[in-house]
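What the coordinates show
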Amino acid sequence: MFKNLANEFKKFAMRGNVIDMAVGIIIGAAFGKIVDSLVKDVIMPPIGLLLGKVDFTNLFLVLKEGATPAPYNSLAAAQEAGAVTMNLGVFVNAVISFLIVAFAVFILIKAINELQAKMDKKEAQVAVKTTKSCPYCCSEISINAKKCPHCTSELPAEEKTTKAKKK
């Protein structure tokens, strides 16, 4: 039973979609770290400076003092003292990171959908018909043929076909 389960799992894990998903998760995690750094190290410092030199990583409320009484100079000091804190700055950073990632995913999905629509449109375009069947021997012949090369029959004159005519 275990061997059968292992074989089923192996088939599942080796399917292309699972491998693609794994690659996507790994790249997504790396992208998340880049966005997190972008928010913490690039975006939030100027915003904090504009708002009166506020360091968002240390923006917190003390709900219950720890072993050492307040005030705490940083979030790390409050946590080290065992204080219960509401970490507003960390939350704001997480929200901004989420919005950036969500926007990037939106742009990516939009581009993929546009590409898929273009591909579908190309497939939907009508192909130019280049051959026809001989009405006498049913062989495939050129659409411009006046005489069948297989049975040598004279072909009836047909009205001109347009390029938009479907196969």
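The shown structure was predicted, so the numbers you read here are calculated from the model rather than taken from an experiment.

1. Let's talk about the overall build of the protein
Across its full length, the protein carries four helices and four strands. Taken from N to C terminus, the helices and strands of the protein fall in the order α-α-β-α-β-α-β-β. Of all 167 residues assigned to the protein, the portion counted as buried reaches 16%. In the protein, the share of contacts with a sequence separation of at least 24, taken over all contacts with a separation of at least 6, comes to 33%. Per element, the accessible surface of the protein, about 13400 Å² overall, is 65% carbon and sulfur.

2. Notes on the packing of aromatic side chains
One pass over the structure, following the stated rule, counts one aromatic pair. When the centroid spacing of 6.4 Å and the interplanar angle of 35° are considered together, the rings of Phe103 and Phe106 count as tilted. Remark: Phe106 and Phe103 occur in helix H4 (residues 88-124); sequence separation between them is three residues, near one turn of the helix. In this structure Phe103 comes out as exposed when scored by relative accessible area, which is 54%. Phe106 sits in the partly exposed class, given a relative accessible area of 48%.

3. A word on the pattern of salt bridges
According to the stated counting rule, one finds two salt bridges in the structure shown. The partner of Asp36 in a salt bridge is Lys40, with the nearest N and O atoms 3.3 Å apart. Linking Asp36 with Lys40, this pair stays in helix H2 (residues 16-50), spanning four residues, or about one helical turn. Judged by its relative accessible area of 29%, Asp36 falls in the partly exposed class. Looking at Lys40, the relative accessible area reads 39%, which means it is partly exposed. Taking the shortest distance from any N to any O, the salt bridge between Lys147 and Glu154 comes out at 4.0 Å. Residue Glu154 is classed as exposed on the basis of its relative accessible area of 55%.

4. A look at the state of the cysteines
Going through the model one piece at a time under the given rule, you end up with zero disulfides. In this structure Cys137 is a free cysteine whose sulfur lies 3.6 Å from that of Cys148, the closest cysteine sulfur available. In this structure Cys137 comes out as partly exposed when scored by relative accessible area, which is 28%. Between Cys151, a cysteine without a disulfide, and Cys148, which holds the nearest cysteine sulfur, the sulfur-to-sulfur distance is 3.7 Å.

5. Observations regarding unusual backbone geometry
Residue Pro71 is reached from Ala70 by a cis peptide bond, and omega for that bond is 10°. Among the secondary structure elements, Pro71 is positioned in the loop between strand E1 (61-64) and helix H3 (75-80). Of note, Cys138 is a non-glycine position whose phi angle comes to about 65°, a positive value. Note on placement: Cys138 falls in the loop between strand E3 (131-133) and strand E4 (140-142). One non-glycine residue, Thr152, lies in the positive phi region at around 60°. As for its position among the elements, Thr152 is in the segment after E4.

6. Side note on the nonpolar core
Phe60, Tyr72, Leu75, Ala78, Ala81 and Ala83 together form the largest nonpolar core, which totals six residues. Excluding its chain neighbours within four sequence positions, the residues that come into contact with Ala78 are Phe60, Tyr72, Ala83 and Thr85.

Rules used in this analysis
Residues numbered from 1 in each chain as written. Predicted model: local features only at pLDDT ≥ 70, side-chain atom pairs only at ≥ 80, totals over all residues. Heavy atoms only, no water. Helix = DSSP H or I, 4+ residues; strand = E, 2+ residues; numbered from the N terminus. Buried < 20%, exposed > 50% of the residue type's maximum accessible area, 1.4 Å probe, protein only. Contact = heavy atoms within 4.5 Å. Areas by Shrake-Rupley, 256 points an atom, 1.4 Å probe, with all protein chains shown as cover. Phe/Tyr/Trp six-rings, centres within 6.5 Å; stacked < 30°, edge-to-face > 60°. Salt bridge = Lys/Arg side-chain N within 4 Å of Asp/Glu carboxyl O. Disulfide = S-S within 2.5 Å. Core = buried A, V, L, I, M, F, W, Y, C linked by side-chain atoms within 4.5 Å.

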